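The residues making up each chain are set out below.
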Amino acid sequence: MIRPNISQEDLDRVGDLVAQALAKRFSREEFVFGPIVVTPDFDWDGDEILWIQIVFDGDQNNLDPGWTGSLGGLISPGMKEIGVTAFPLTSFIEKSEWEDPAYAVPEWEYDTEGEE
């Protein structure tokens, strides 16, 4: 699958931006975050996106959906500073699910042949 040309160094920087934002909002007593997996991709329209998977250990009920839903907007200024313009899409995954061998995020392949 063809992926956007974003260096691993820049993907790591985006992961660091996410980690910094999480550290400002949540204490280590509430949550432990990691790994943070940043994967470049394209959306249905061919625009660059970043899948940001955030693994957490803690009470999911304490994840404020208003804040977690705005995380992409919070890290966007820092992304622009490092030259990454892909749209960030975040998801939070419980550590127990992440470590479950049956858990898998599908690798989506887009069939665009024949589309007009």
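Here is a short report on the structure shown in this document. Think of each chain on its own: its residues are numbered from 1, step by step along the sequence as written. Where totals are concerned, whole chains, interfaces and linings use all residues; where local detail is concerned, this predicted model gives features only for residues with pLDDT of at least 70, and gives and counts side-chain atom pairs only at 80 or more. Each side-chain value is worked out from all heavy atoms of the structure, with water and hydrogens disregarded.

A few words now on the overall build of the protein chain. Numbering of helices and strands runs from the N terminus; a helix is a DSSP stretch of H or I covering at least four residues, while a strand is a stretch of E covering at least two. Within the protein chain one finds four helices and three strands. If you list the helices and strands of the protein chain from N to C, you get α-β-β-α-α-β-α. Burial status across the protein chain gives 30% buried among its 116 residues. Pairs at least 24 residues apart make up 68% of the contacts formed inside the protein chain by residues separated by at least 6 positions. Areas reported as accessible are Shrake-Rupley estimates using a 1.4 Å probe. Residue values count occlusion only from the protein chains shown. With an accessible surface of roughly 7,700 Å², the protein chain has 48% of that area assigned to carbon and sulfur atoms. For the exposure calls, accessible area comes from a 1.4 Å probe over protein chains only, and a residue counts as buried if that area is under 20% of its type's maximum, exposed if over 50%, partly exposed in between. By the convention used here, residues are in contact when the closest approach between their heavy atoms is within 4.5 Å.

On the secondary structure map, Asp 10 appears in helix α1 (residues 8-25). On the basis of relative accessibility, which here comes to 16%, the residue Asp 10 falls in the buried class. Apart from the residues within four sequence positions on either side, Asp 10 is in contact with Ile 82 and Val 84.

On to the environment of Pro 88. Tracing the chain through its elements places Pro 88 in strand β3 (residues 87-94). Separated by 49 residues in sequence, Pro 88 and Thr 39 have C-alpha atoms that sit 9.8 Å apart. Leaving out residues up to four positions away in the same chain, Pro 88 has contacts with Leu 50, Ile 52, Gly 72, Ile 75, Ser 76 and Met 79.

So, on to the sheet that holds strand β1 (residues 31-42). Paired strands, as defined in this entry, are two strands with at least two bridges between them according to DSSP. Judged by pairing direction, the sheet is mixed, and its three strands sit side by side in the order β1-β2-β3 without closing on themselves. Each edge of the open sheet carries a strand with a single partner, namely β1 and β3. The average angle at which neighbouring strand axes cross in this sheet is 20°, direction not considered. To obtain each axis, a line is fitted to C-alpha atoms, and for helices this fit is confined to the stretch in contact; angles are then taken between N-to-C directions over 0 to 180 degrees. Across the sheet, α1 touches β1, β2 (48-58) and β3, and the angle it forms with β1 is around 140°. Sheet contacts for helix α3 (residues 71-81): β2 and β3; angle to β3, the most-contacted strand, approximately 130°.

Okay, the packing of aromatic side chains next. Centre distance within 6.5 Å is the pairing criterion for rings of Phe, Tyr and Trp, where only the six-membered ring of Trp is used; planes under 30 degrees apart are then read as stacked, over 60 as edge-to-face, and the remainder as tilted. Overall, the coordinates contain seven aromatic pairs when judged by the stated rule. Over the face of the ring belonging to Phe 26 we find Arg 25, whose NZ or CZ atom lies 4.8 Å from the ring centre. Charge-over-ring placement is defined geometrically: NZ (Lys) or CZ (Arg) within 6 Å of the ring centre, and within 35 degrees of the ring normal.

Keep in mind these values describe shape, not function.
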